[in-house]
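Letter by letter, the chains look like this.
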Amino acid sequence: MSCVGLLGGTFNPPHNGHVLLAETAKWHFDIDPLRVHVSSNPPHKRVDVDVETRLKLARLAFPNDTVVRDDNPYSIDTVTGFGDDAIFLVGADQFAKFLTWREPDEILAHVRLGVATRPGYPHDNLDAVLAQLRRPERVEFFDMEPVPISSSDVRRRVAEGDAIGELVPPAVAVEIDRLGLYRPRAGVS
């Protein structure tokens, strides 16, 4: 029996790690549909690329999924209303900081959490978070192949004039180039 999956982020830009996390989770949890939520104005980071452009990039990265603009500043607002069987997907690094999120126990009252781990990730960090949650049974870990990519790495490589074809889906690479994203601005050092 399939369930709704939620994947949120700034996707500045979306990269192959995001795509692999989504594909691995869809198979592991039998997710259908997957909803990709592109944060319009995340409270925890500054984003120079407008949300409409990031939506376009995310739709290219996740062509078979529903990609939506998320104007909610906090995850607790995003996850409400999908049913308590829905799964909110995060990486292990994000889960290690889960207790700093707004209302982490309330998030688990609304959705289950699917946490992508990779071989060699220190589970002590994750166990410490689980021990402090009211409903740790609402968290399920799943393994995925390690993908040492971050959006900041992609932006840096574009700014330095390096190729990014192996870091992002091909359509995303083409659109980044076409729009001239992440390149240094003239007169700015």
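Everything in this summary refers to the structure shown in the same document. (Residues numbered from 1 in each chain as written. Predicted model: local features only at pLDDT ≥ 70, side-chain atom pairs only at ≥ 80, totals over all residues. Heavy atoms only, no water.)

Helix and strand content of the protein: eight helices and six strands. Once the C-alpha set of the protein is aligned to its principal axes, its extents read approximately 50 × 30 × 30 Å. Counting every position in the protein, which comprises 189 residues, the buried fraction comes to 45%. In the form shown here, the protein has an accessible surface area of approximately 9,900 Å², with 49% of it arising from carbon and sulfur atoms. Distance between charge centres in the protein, computed from 21 positive and 28 negative side chains, equals 7 Å. (Helix = DSSP H or I, 4+ residues; strand = E, 2+ residues; numbered from the N terminus. Buried < 20%, exposed > 50% of the residue type's maximum accessible area, 1.4 Å probe, protein only. Areas by Shrake-Rupley, 256 points an atom, 1.4 Å probe, with all protein chains shown as cover. Lys, Arg positive; Asp, Glu negative; His and termini not counted. Charge placed at Lys NZ, Arg CZ, Asp CG, Glu CD.)

With that out of the way, let us pick up helix H6 (residues 123-130). Turning to H6, its buried residues number three or more, namely Leu-126, Val-129 and Leu-130. The buried side chains of H6 occupy one side of the element, clustering within an arc of 100° when seen end-on. (Arc of directions from axis to C-beta.)

Examined bridge by bridge, strand E5 (residues 112-117) and strand E6 (residues 139-143) share five bridges and lie parallel to one another. Residue Ala-116 lies in a different strand from E6, and its bridge partner there is Phe-142. (Pairing = 2+ DSSP bridges.)

We now examine the sheet that holds strand E4 (residues 87-91). On the basis of which strands lie adjacent, the open sheet formed by six strands has the order E3-E2-E1-E4-E5-E6 and parallel pairing. A single partner strand is all that each edge strand has here, and the edge strands are strand E3 (66-70) and E6. Averaged over all pairs of adjacent strands, the angle between their axes in this sheet comes to 30°, without regard to strand direction. Pairing of strand E1 (residues 3-9) with E4, which is carried by three bridges, proceeds in the parallel orientation. Residue pairing for E4: Leu-6 is matched across the bridge by Phe-88. Its contacts with the sheet place helix H2 (residues 51-61) against strand E2 (31-39) and E3, and it is angled at close to 165° to E3. (Axes fitted to C-alpha atoms, helices over the stretch in contact; angles between N-to-C directions. Contact = heavy atoms within 4.5 Å.)

This part covers the packing of H2 against helix H8 (residues 170-179). Close contact between H2 and H8 brings their axes to 8 Å; oriented N to C, the two are set at 155°. Taken together, the axes of H2 and H8 are roughly antiparallel relative to one another. When H2 is examined against H8, the residues Thr-53, Lys-56, Leu-57, Leu-60 and Ala-61 are found in contact with a partner set consisting of Ala-171, Val-172, Glu-175, Ile-176, Arg-178 and Leu-179. Split by residue class, the contact of H2 with H8 holds seven nonpolar, one polar and three charged. (Parallel < 35°, antiparallel > 145°, perpendicular 65-115°, else oblique. Nonpolar A, V, L, I, M, F, W, Y, C, P; charged D, E, K, R; others polar.)

A complete count under the given rule lists 14 salt bridges for this structure. Two residues, Arg-69 and Glu-52, come together in a salt bridge whose shortest N-O distance is 3.0 Å. Taken together, the residues Arg-69 in strand E3 and Glu-52 in helix H2 connect sequence positions 17 residues apart. The exposure class assigned to Glu-52 is partly exposed, which follows from its relative accessible area of 43%. One salt bridge connects Asp-71 with Arg-69, and the closest N-O pair in it is separated by 2.7 Å. A relative accessible area of 41% means that Arg-69 is categorised as partly exposed. Residues joined by salt bridges that share partners form a network here, namely Glu-23, Lys-26 and Asp-65. (Salt bridge = Lys/Arg side-chain N within 4 Å of Asp/Glu carboxyl O.)

When the terminal C-alpha atoms of helix H1 (residues 16-29) are compared, their 20 Å separation across 14 residues agrees well with the 20 Å that a helix rising 1.5 Å per residue should span. Every buried residue of H1 is listed here: Gly-17, His-18, Val-19, Leu-21, Ala-22, Thr-24, Ala-25, Lys-26 and Phe-29. Looking one or two places after H1, you find Asp-30, whose phi comes out positive at around 55°. (Expected span 1.5 Å × (residues − 1).)

Interpretation in functional terms is not warranted from these geometric data alone.
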